[in-house]
Amino acid sequence: MITQKELHISTQGRGAYDLSSQVQDAVAASGVETGLCNIFIRHTSASLMLCENADPAVMRDLETFMQHLVPDGDPMFTHTDEGPDDMPAHVRSILTNSDLNVPITDGRCALGTWQGIFLWEHRLAAHTRKILLTINGE
Amino acid sequence: MITQKELHISTQGRGAYDLSSQVQDAVAASGVETGLCNIFIRHTSASLMLCENADPAVMRDLETFMQHLVPDGDPMFTHTDEGPDDMPAHVRSILTNSDLNVPITDGRCALGTWQGIFLWEHRLAAHTRKILLTINGE
Amino acid sequence: MITQKELHISTQGRGAYDLSSQVQDAVAASGVETGLCNIFIRHTSASLMLCENADPAVMRDLETFMQHLVPDGDPMFTHTDEGPDDMPAHVRSILTNSDLNVPITDGRCALGTWQGIFLWEHRLAAHTRKILLTINGE
């Protein structure tokens, strides 16, 4: 049994957005009890991650780390058509993930207690991001 | 045909632990000849990787690299509830992977000759890590 | 319905190689209309990524970034049997991906408009890389 559902997520610019509830709802609606949920982002300047879901400081620290590792406006970058955050957004996407594959057990994503599913918007401006869920199982 | 099995791996603190045999054994026990094995870690301070399995120096060098890239106790981090290795463990997890998806051919994970499946414990202290295998195929 | 196909890609050394057409052709040949395509590289010194497919400057900038982040010949590395690019190739592979999982919709990989599937060769010398496709769906 395979079903697909596309989520459209409106971001308010750079930052992490918790998708866990929307993914769990889609898994519940699919009727799959045992299987896998593939989460795929159809963009190259925003990405996906599984991350600690309890303390907002984790996301702030992740953002701080990434801004040090891949600074906006770094003169090493030549692909700057869309501004100083254009190429850093691609690099940040490559260093994280465009797809996640989460097991489904007893009709739910078998996340750990502290694990959430996040969209990480890397562009400074607001965007609408398309995320395709593919739920496969029995 | 979909089967799941949870591994409980006891780590002795930071370092890489080879899971290849345990994963291959679970695949063999499943009876799946052609398909995929999803390996999912239910934690955000330890991660998974496919890495060179022959020379222990590779793991030592990876550890050296990560300690330079994400130093324990870096003052940029504010999420320090569990100590100087708390936030670095989350960052290291984000930069590597929480899930791996390995093809199964002829009843075995189709790893390359030099490819092993590793748990990377990022915390300094010993932990028990839950890893869920989902084996899907025919 | 599960089918597998192995691609052998000849690289001319370090750089990105667009596999999108070959993957789309394999998906079309499989007859799967809705499902997933797993792309798996059987090596630890080359990797896979989903990246912007329009401006060649993106790949050049990614390469520049990685050469700064993981310099060839860095004296911190001790695994140097195959030369100054040996250990950096493993690190670069760990920081990107060995497997990608792309949804299939209407008989094609549901990539975003600007999204391509790339092999990233991290070794300086030419290699032949084995990439196994597993196409699963209905």
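Anyway, here's the lowdown on the structure attached to this text.

Criteria and cut-off values
Residues numbered from 1 in each chain as written. Chains lettered and ligands numbered in written order. Predicted model: local features only at pLDDT ≥ 70, side-chain atom pairs only at ≥ 80, totals over all residues. Heavy atoms only, no water. Core = buried A, V, L, I, M, F, W, Y, C linked by side-chain atoms within 4.5 Å. Buried < 20%, exposed > 50% of the residue type's maximum accessible area, 1.4 Å probe, protein only. Contact = heavy atoms within 4.5 Å. Least-squares fit on C-alpha atoms with pLDDT ≥ 70 in both. 1 Å grid on protein atoms, 1.4 Å probe; cavity = no way out; pocket = protein on both sides within 12 Å on 5 of 7 lines; lining within 4 Å. Points joined across faces, edges and corners; volume = space filled by probe spheres on them. Helix = DSSP H or I, 4+ residues; strand = E, 2+ residues; numbered from the N terminus. Nonpolar A, V, L, I, M, F, W, Y, C, P; charged D, E, K, R; others polar. Pairing = 2+ DSSP bridges. Buried area = accessible area lost by both parts, 1.4 Å probe. Salt bridge = Lys/Arg side-chain N within 4 Å of Asp/Glu carboxyl O. Axes fitted to C-alpha atoms, helices over the stretch in contact; angles between N-to-C directions. Left-handed = near helix turned anticlockwise from the far one by under 90°. Polar contact = N/O pair within 3.5 Å; in protein donor to acceptor, adjacent residues only side chain to side chain. Expected span 1.5 Å × (residues − 1).

For soluble globular proteins, nonpolar side chains are generally found buried alongside one another. Counting 50 residues, the largest nonpolar core has Leu62(A), Phe65(A), Leu95(A), Leu62(B), Leu95(B), Leu62(C) and Leu95(C) as the members making the most contacts within it. In this view, Phe65(A) contacts Leu69(B), Val70(B), Met76(B), Phe77(B), Val91(B) and Leu95(B); residues no more than four positions away in its chain are not counted.

Screw-axis analysis of chain C against chain A gives a translation of 0.0 Å along the axis, an RMSD of 0.0 Å, and a rotation angle of 120°. Such a combination of rotation and displacement between the chain copies is what one expects of a three-fold axis. For chain C, the residue whose C-alpha comes nearest the rotation axis is Leu95(C), separated from it by 3.4 Å. In this assembly, only 17% of the residues forming the interface of chain C have copies in chain A that are likewise at the interface, indicating a heterologous arrangement.

A word on empty space enclosed by the protein. Empty space among the atoms becomes visible once a probe the size of a water molecule is rolled across them. For the coordinates displayed, the defined rule picks out five cavities of 30 Å³ or more. The space that makes up the largest cavity amounts to roughly 140 Å³. Together, Leu36(A), Asn38(A), Asn101(A), Asn136(A), Leu36(B), Asn38(B), Asn101(B), Asn136(B), Leu36(C), Asn101(C) and Asn136(C) line the largest cavity. Mapped by element, the contributors of at least two residues to the lining of the largest cavity are β3 (35-41) of chain A together with β3 (35-41) of chain B. A per-class count over the lining of the largest cavity returns three nonpolar, eight polar and no charged.

A word on the sheet that holds strand β8 (residues 128-137) of chain C. Consider a sheet: its strands pair through backbone hydrogen bonds, and that pairing is either parallel or antiparallel. Residue and element names in this part refer to chain C. Here we have five strands laid out as an open sheet, ordered β1-β8-β3-β5-β6, and antiparallel in their pairing. Because the sheet does not close on itself, it has two edges, and the strands there are β1 (2-10) and β6 (108-109). The pairing of strand β3 (residues 35-41) with strand β5 (residues 99-105) spans six bridges and is antiparallel. Pairing of Gly-35 across the sheet is with Ile-104, part of β5.

A few words now on the interface of chain C and chain A. Accessible area lost when the parts come together is the quantity often used to give the size of an interface. In this complex, chain C contributes 35 residues to the contact, which on the side of chain A involves 28 residues. Carbon and sulfur atoms supply 62% of the area buried between chain C and chain A, which totals about 2,500 Å² over both sides. At the junction of chain C with chain A, the criterion picks out zero salt bridges. Elements represented by at least two residues in the side of chain C that touches chain A include exactly β3, β4 (46-52), α2 (56-69), β5, β7 (115-121) and β8 of chain C. When residues in the side of chain C that touches chain A are grouped by element, the largest group, nine residues, is from α2(C).

As a further point, take the packing of helix α2 (residues 56-69) of chain A against helix α3 (residues 86-95) of chain B. The geometry of α2(A) relative to α3(B) is characterised by a closest axis approach of 10 Å and an angle of 65° between their N-to-C directions. Regarding α2(A) and α3(B), the two cross each other, and that crossing is right-handed. Of the residues in α3(B), those in contact with Val58(A), Asp61(A), Leu62(A), Phe65(A) and Met66(A) of α2(A) are Met87(B), His90(B), Val91(B), Ile94(B) and Leu95(B). Looking at side-chain class alone, the contact of α2(A) with α3(B) contains eight nonpolar, one polar and one charged residues.

Contacts between chain B and chain C engage 35 residues on the former and 28 residues on the latter. Summed over both partners, the interface of chain B with chain C buries about 2,500 Å², with 63% contributed by carbon and sulfur atoms. Scanning the region where chain B abuts chain C turns up 11 residue pairs in polar contact (both at pLDDT 80 or more). Considering every element that reaches the side of chain B that touches chain C, the biggest residue donor is helix α2 (residues 56-69) of chain B, with nine residues. Tallied by class, the residues present in the side of chain B that touches chain C amount to 19 nonpolar, 12 polar and four charged.

What follows is about unusual backbone geometry. Residue and element names in this part refer to chain A. Phi is positive for Asp-106, close to 55°, though the residue is something other than glycine. Position of Asp-106 relative to the elements: it lies in the loop between β5 (99-105) and β6 (108-109). For Asp-106, a relative accessible area of 65% corresponds to the exposed category.

What follows covers the sheet that holds β5(A). All names here are of chain A. Here we have five strands laid out as an open sheet, ordered β1-β8-β3-β5-β6, and antiparallel in their pairing. Unpaired on one side and paired on the other, β1 (2-10) and β6 mark the two borders of the sheet. Across two bridges, the pairing between β5 and β6 is antiparallel. Bridge pairing links Ile-104 to Cys-109 in β6.

Between the two copies of this chain, the relationship is a rotation about some axis together with a displacement along it. Once chain B has been moved 0.0 Å along the axis and rotated by 120°, it coincides with chain C to within an RMSD of 0.0 Å. Interface overlap between copies: only 17% of the residues of chain B at the interface are likewise at the interface in chain C, consistent with a contact formed by different surfaces.

Let's shift gears to the environment of Trp114(A). Mapped onto the elements of the fold, Trp114(A) is located in the loop between β6 and β7 (115-121). Each C-alpha atom of the pair Trp114(A) and Cys51(A) lies 7.7 Å from the other, and the pair is 63 residues apart in sequence. Those residues in contact with Trp114(A) that sit more than four places away from it in its chain are Cys51(A), Glu52(A), Asn53(A), Ala54(A) and Thr44(B).

Bringing the side chain of Gln24(B) into the picture now. Residue placement: Gln24(B) occurs in helix α1 (residues 20-30). Apart from residues no more than four positions distant in its own chain, Gln24(B) is found in contact with Arg108(B), Cys109(B) and Leu111(B).

A separate point is α2(A). Here α2(A) spans 20 Å end to end across 14 residues, near enough to the 20 Å set by a 1.5 Å rise per residue. Considered for burial, the residues of α2(A) that qualify are Ala57(A), Val58(A), Met59(A), Asp61(A), Leu62(A), Glu63(A), Phe65(A), Met66(A) and Leu69(A).

Moving on, we get to the side chain of Ser30(B). Residue and element names in this part refer to chain B. Tracing the backbone shows Ser-30 in helix α1. Note on Ser-30: relative accessible area 14%, which makes it buried. In contact with Ser-30, other than residues within four places in its own chain, are Met-1, Thr-3 and Ile-135.

A word on the pattern of salt bridges. Enumeration over the complete set of coordinates arrives at 21 salt bridges over all chains. Linking Glu6(C) and Arg42(C) is a salt bridge whose minimum nitrogen-to-oxygen distance equals 3.0 Å. In this pair, Glu6(C) is assigned in strand β1 and Arg42(C) in the loop between β3 and β4, connecting sequence segments 36 residues apart. Judged by its relative accessible area of 24%, Arg42(C) falls in the partly exposed class. Among the charged side chains, a salt-bridge network with shared partners connects Arg14(A), Glu63(A), Asp72(A) and Arg92(A).

Without other data, these values stay purely geometric and don't point to any function.
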